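Take a look at the letters that make up each chain.
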Amino acid sequence: MLRLELKKMLKTPANLIIIGAAVIFNFILSYLPVTYESCMILENGQPVLLKGYAALAQLREIHGNVTGEVTPDLLAEGLNEYNTVLEEYHVSSPEDLPDGVYSSRIGPYYRLLHMLREAYADPKTGIPKGLEELTEEDLKQFETVRFNRLNTLMEQENRPEPVRKEAAKMYQSTRTPLQCYPYFSSNVLDYELLVLFMVMVCGVILAAPVFSIDYQTGADDIQRCTKNGMTKLALVKCASVLIIVSVLYVFSAAVFFLMARWFYGTTALNSDIQTYLSLFAFEPWTIGQLMKYMAIAGYICTVSSVLFTMMLSASIHTSAKAIGISLLGLFMPILLDTFFGSGITDWIITLLPSCGLMLQCSFYYAIHSLSFLSVGTIAVATERAMTLFEMIGIPVYFLLTLRIYKKLSI
């Protein structure tokens, strides 16, 4: 029976178009981050702009020497090179340097210099301290300064005491010293999120008409009266959709991860996320671990959204209406985030099944935006709350789907 239901779904032209388009766009999106790479180099004293894979190869070579532990010595090396280059060319800002000089001389230390600006920002105003004002003695206190700066940052944003304590607790678990390896573009993480989001949308579109189309055509009237009707039929429909969506999701996530590792190398994936996203990202993960977390949490989000959609489909009698309402429910986190402020809206968004992959509302952006949910003395990082609620939603939406389908009177 499951085989027949899978065959029925895979023989539907609209479903084949959706699945085929998802596969094609997956390869396109997996390669796109490389096309945005650019690098200005000097050849015979003349600036030459490299793009695409050639630029990526050059960037990996340039950044290859700035690798390993973010120690005071490595920070001092980057700061000295920064000051030396500005003095050598008699400029006060990197923007005034000749073409190609920044990429080849200062570019390899960009991540380190950015961390210094974040760590040594004014504790009252948050304005970054000028790099020329830092001394080697300051850099020796980098680890202490970054932990202290987190506390002042939370105070500047008027975060409740439970949030401050939980943030400090999570941040204490980050690696000391931080690890930074050859070049990796944070654009890759944006595109991974986009790939997973695309699969979730496809899954919702595939799931929306599963029950409602049979209501609309009258086929369900007959199916309910058969030996395998009612609960067993509902189980098979749910299983068939989840199998197709799961295969599509695993394929898409695997292709993206393998292509990212091929282009950027496995070493770059060992960098701590604090060196690429934000110095004050709380999770103690490397880039590779973050990509795996996004894939696993994204799958939970996708399954939850698909089952939520099937719950809607089981209660709606026309396929067009089911697809429309399902897409509205899918994009509801973005709509709420756009038109309403924070506060109770943050809780509502987090409770919605699709929020984890909803681009600017997603757990990826929550990870480096100091985002917490708090009530009373309890504070939870938003990305963890999203994943928890979506895990709880899976059995809830599944059981509600079975109950609604079984009790529905046509």
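Just so you know, these numbers come straight off a predicted model, no measurement behind them. All residue numbers refer to positions counted from 1 along the written sequence of the respective chain. Confidence filtering applies because this is a predicted model: local features only for residues at pLDDT of at least 70, side-chain atom pairs given and counted only at 80 or more, and all residues used for totals across whole chains, interfaces and linings. Each side-chain value is derived from all of the structure's non-hydrogen atoms; neither hydrogens nor water enter the calculation.

Novice: Tell me about the overall build of the protein, and name the residues and values.
Specialist: Helix numbering and strand numbering both begin at the N terminus, where a helix is a DSSP run of H or I of at least 4 residues and a strand a DSSP run of E of at least 2. Check the secondary structure of the protein and you find 18 helices and six strands. With the principal axes as the frame, the protein shows a C-alpha extent of 85 × 55 × 30 Å. Burial status follows relative accessibility: with a 1.4 Å probe on protein chains alone, a residue under 20% of its type maximum counts as buried, one over 50% as exposed, and anything between as partly exposed. The buried share of the protein, reckoned over its 410 residues, is 51%. Should any heavy atoms of two residues lie within 4.5 Å, those residues are counted as being in contact. Taking contacts inside the protein between residues at least 6 apart in sequence as the whole, the part at least 24 apart equals 75%. Residue burial considers only the protein chains on display, and all accessible areas are found by Shrake-Rupley using a 1.4 Å probe. Of the roughly 19000 Å² of accessible surface on the protein, 61% is carried by carbon and sulfur atoms.

Novice: Provide a residue-level description of the nonpolar core, including the pertinent values.
Specialist: Grouped together as the largest cluster of nonpolar side chains are 83 residues, with contacts concentrated most on Phe184, Leu189, Phe211, Leu290 and Met291. Top contributing element to this core by residue count: helix H13 (residues 231-264), with 16 residues. Setting aside residues no more than four positions away along its own chain, Phe184 makes contact with Arg111, Leu189, Tyr264, Ala268, Leu269, Tyr276, Ile287 and Met291. Nonpolar cores were defined as sets of buried Ala, Val, Leu, Ile, Met, Phe, Trp, Tyr and Cys residues, with membership established by side-chain atoms within 4.5 Å. Counting residues in each nonpolar core, the second largest holds 41 residues, with Tyr109, Leu131, Phe147 and Tyr171 among its members.

Novice: Pulling in residues and values, what's your account of H13?
Specialist: Expected span, for any helix, means 1.5 Å times one less than how many residues it has. With 34 residues, H13 extends 49 Å from end C-alpha to end C-alpha; this agrees with the ideal 50 Å at 1.5 Å per step. Directly after H13, the chain includes Gly265, whose backbone phi takes a positive value near 85°.

Novice: Provide a residue-level description of the pairing of strand E1 (residues 38-43), including the pertinent values.
Specialist: Following DSSP output, two strands are said to pair if at least two bridges run between them. Bridge count for E1 against strand E2 (residues 46-51) is six bridges, and the pairing is antiparallel. When the sheet's bridge partners are listed, Ser38 is paired in E2 with Lys51. Taken together, E1 and the strand that follows it, E2, pair antiparallel across an intervening segment of two residues, in which Asn44 is found at a positive phi of about 55°.

Limitation: the analysis is restricted to geometry and does not speak to function.
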